[in-house]
Amino acid sequence: MTQVRAEMVANVWKVVAAEGDTVADGDTLVILESMKMEIPVIAEESGTLTQLAVAEGDVVQEGDLIAVIE
Amino acid sequence: MTILDNRPAVLTEPAHAGVPAATGSQERPAPAPAPAPAPAQPGTLTRDPHERLSALFDAGSLRLLLPADDSGTMAGTGLVDGLPVVAFASDPRVQGGAMGSAGCQHIVAAYDHAVASSAPIIGLWHSGGARLAEGVESLHAVGTVFAAMTRASGKVPQISVVLGAAAGGAAYGPALTDLVILSEQGRIFVTGPDVVRSVTGEDVDMESLGGPEPHSRRSGVVHIVTASDAEALGKARELVSLLGRQAPGADGQAAAAPAETDLSALLPESPRRAYDVRPLITGLLDEPGLELHPRWAPNIVTTLGRLRGQTVGVIANNPLRLGGCLDSTSAEKAARFVRMCDAFGVPLVVIVDVPGYLPGVGQEWDGVVRRGAKLLHAFAEASVPRVTLITRKSYGGAFIAMNSRALGATKVFAWPDAVLGVMGAVAAVRILKRRQLAAVPAEERHQLETELAAEHEKIAGGLPRAVDLGVIDEVVDPATTRQAIADAIAAAPGRRGQHGNIPL
């Protein structure tokens, strides 16, 4: 099980993946917005997305849980 | 330092004699040394140091520096694609490769020979650390190895290949060298799982503690992870050729450059959109380079490769990760790379697309000021030719840090659409014109903000002003950028820094 966490404070701009999706290493899960940049949150492991902890419009703090891949 | 405090306990771990073919079952005692076990995976060598050194060098070129003995270490000279190289290897069949007085003398002799003949040196590590039975004598001996490594630092390239467990003193050996390659069965740690468990209660196996995963993503100890021993030795050979034979054509490779292409086509339409910078680096180099630390601090990319046949070190912000922001870890990663390249006379190519330093309490407390300063120091100190290209944007402190004119860049190029400044124009006027903006009704604020931003852009910022100031030397066509960078490097005097390469 891998927890994907926010690496910086940001707004959740777009949620690309959905719970239950099969994801591969390198896939974009969520796109954050910070520093006037769209910043993709990337799966660093292949597996099934069992939890997606954010919704569009949310604000995440550094270290907040974004998704769980199993 | 408590490097060796735990030696006795660590040495009692049977797994330190690590069997290459064994996976996961590190608690099982190693079987008696047996040559060439049948179930070895493809690409896995036997544990015989003579065989490992032979596989590293060009066929038949290995010559031992000292006669083989039971010291647990073997040292020799040989050729890598015809280039003279010195190497040594632990013998994990003798006391788990533990380092005693005699074995350490082999390593120090190898170092003396490498420095005297200006040859790169490669260490093949598979060792439990200092020899328990020799007590303080072995501690002293391991210390002399560290001292020899430090004396050679910045003078000859030092590469470590970790093929099995490298614990305690044998962990700090590789860590003192310029580049560390970890094979699939390689493990690096100061104290093993048993000691960790007894002291902290953390239950962890050797692989999770010091295998490829933690060292490639978390610790930054390892520059390159490979799937097999053969691949690890292959990467060592590649690195030695890049660092030991830098001039165009010197390695027989034709400078047959790929045709110039419009590299800006690799950028996304929207300036806000993230993208992976690595294809751009590949497009700039003659052929794909060797990326160091690919998974650690991935918001900055450090790659060794060739540009028109000449070895160069590329440093690039990667907008795909953290928006390409500099942070404490990436600054440190880049700083060490810059200093290594400078010490060995490898010219630098710096590709800039950076929104700034990463804001946050975590960063400040993590020492982004102290660790970010290392990058400023590394660039400002560097004597090698170093050329900067600003592709899309460069803001704030990161503008300065990414090999700016002020830090002594050989040339600073920019693509025509590049934007630069202390911060974006809108953000700037929100601060500078705060009162003026507050004075107008909310519905007019956006309009005024846009006008003020345009005005600010004219006075304070932008590319034209940077060119006027000489902060940017030239706006270059993305289609001829490769040539412009190669020409600038070729025209600069080929100097190198006179300093060691402390593992920052």
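Here, the structure is the one placed above.
Residues numbered from 1 in each chain as written. Chains lettered and ligands numbered in written order. Predicted model: local features only at pLDDT ≥ 70, side-chain atom pairs only at ≥ 80, totals over all residues. Heavy atoms only, no water.

(A) Here's a closer look at the overall build of chain B. Regarding its fold elements, chain B presents 19 helices and 16 strands. The buried share among the 504 residues of chain B stands at 56%. Long-range pairs, those at least 24 residues apart, make up 73% of the contacts in chain B between residues at least 6 apart in sequence. Just so you have it, chain B exposes about 20,200 Å², and 57% of that area is on carbon and sulfur atoms. (Helix = DSSP H or I, 4+ residues; strand = E, 2+ residues; numbered from the N terminus. Buried < 20%, exposed > 50% of the residue type's maximum accessible area, 1.4 Å probe, protein only. Contact = heavy atoms within 4.5 Å. Areas by Shrake-Rupley, 256 points an atom, 1.4 Å probe, with all protein chains shown as cover.)

(B) Structural view of empty space enclosed by the protein. Residues and elements named next belong to chain B. Under the definition given, this model contains 4 cavities of 30 Å³ or more. Computed from the structure, the second largest cavity encloses a volume of approximately 80 Å³. Lining of the second largest cavity is provided by D178, L179, H223, L292, H293, T302, K333, R336, F337, M340 and N501. Sorting elements by how many residues they give to the lining of the second largest cavity places helix α11 (residues 328–343) first, with 4 residues. Class assignment of the residues belonging to the lining of the second largest cavity gives a composition of 4 nonpolar, 4 polar and 3 charged. (1 Å grid on protein atoms, 1.4 Å probe; cavity = no way out; pocket = protein on both sides within 12 Å on 5 of 7 lines; lining within 4 Å. Points joined across faces, edges and corners; volume = space filled by probe spheres on them. Nonpolar A, V, L, I, M, F, W, Y, C, P; charged D, E, K, R; others polar.)

(C) Fine view of the environment of S61(B). Residues and elements named next belong to chain B. Here S61 lies in the loop between α2 (49–56) and β1 (63–64). A relative accessible area of 12% places S61 in the buried class. Considering only alpha carbons, one finds S61 and T77, 16 residues apart in sequence, at a separation of 7.7 Å. In terms of polar contacts, S61 uses its side chain to reach the backbone amide nitrogen of L79, at 3.0 Å. (Polar contact = N/O pair within 3.5 Å; in protein donor to acceptor, adjacent residues only side chain to side chain.)

(D) Structural view of a nonpolar patch on the surface. On the surface, a nonpolar cluster with roughly 280 Å² of combined accessible area is contributed by V422(B), M423(B) and I431(B). Relative to the helices and strands, V422(B) resides in the loop between β15 (419–421) and α15 (425–432). (Patch = residues over 30% accessible without salt bridge, like charges linked within 9 Å, V, L, I, M, F, W, Y side chains within 5 Å. Salt bridge = Lys/Arg side-chain N within 4 Å of Asp/Glu carboxyl O.)

(E) Quick look at the packing of α15(B) against helix α17 (residues 442–460) of chain B. Residue and element names in this part refer to chain B. Packing of α15 against α17 leaves a shortest axis separation of 8 Å and a crossing angle of 105°. When the axis of α15 is compared with that of α17, the two are roughly perpendicular. The segment α15 lies against α17, with A425, V426, A428, V429, R430 and L432 engaging E449, L452, A453, H456 and E457. Classifying every residue of the contact of α15 with α17 gives 7 nonpolar, 1 polar and 3 charged. (Axes fitted to C-alpha atoms, helices over the stretch in contact; angles between N-to-C directions. Parallel < 35°, antiparallel > 145°, perpendicular 65-115°, else oblique.)

(F) Fine view of the pairing of strand β4 (residues 121–127) of chain B. All names here are of chain B. Counting buried positions along β4 yields 7 of 7 residues, so the element is predominantly enclosed. In β4, alternate side chains face the same way, and those of I121, G123, W125 and S127 on one face and I122, L124 and H126 on the other are all buried. The pairing of strand β3 (residues 83–90) with β4 spans 4 bridges and is parallel. Bridge pairing links A89 to L124 in β4. (Pairing = 2+ DSSP bridges.)

(G) Looking closely at the side chain of D91(B). Turning to its location among the elements, D91(B) is positioned in the loop between β3 and α3 (101–116). Not counting residues within four places of it along the chain, the set of residues in contact with D91(B) comprises R47(B), P49(B), G72(B), T73(B), G96(B) and G97(B).

(H) Layout of the environment of E449(B). Residues and elements named next belong to chain B. With respect to the helices and strands, E449 occurs in helix α17. Along the primary structure E449 and V429 are separated by 20 residues, whereas in three dimensions their C-alpha atoms are 7.1 Å apart. When neighbours within four sequence positions are excluded, E449 is seen to be in contact with V426, V429, R430 and L437.

(I) Just the interface of chain B and chain A, in detail. Contacts between the two partners involve 20 residues from chain B and, on the opposite side, 14 residues from chain A. Residues R217(B) and E44(A) are paired through a salt bridge, measuring 3.2 Å at the closest nitrogen-oxygen approach. Here the side of chain B that touches chain A is built from residues that sort into 10 nonpolar, 3 polar and 7 charged.

(J) Representation of the packing of α2(B) against helix α9 (residues 229–244) of chain B within the structure. Residue and element names in this part refer to chain B. Direction vectors running N to C along α2 and α9 enclose 50°, while the axes themselves pass 9 Å from each other. Between α2 and α9, the interaxial angle falls into the category oblique. For the pair α2 and α9, the sense of crossing is right-handed. Along the contact surface, α2 presents R52, A55 and L56, while α9 presents D229, L233, A236 and R237. Looking at the contact of α2 with α9 residue by residue, the class counts come to 4 nonpolar, no polar and 3 charged. (Left-handed = near helix turned anticlockwise from the far one by under 90°.)

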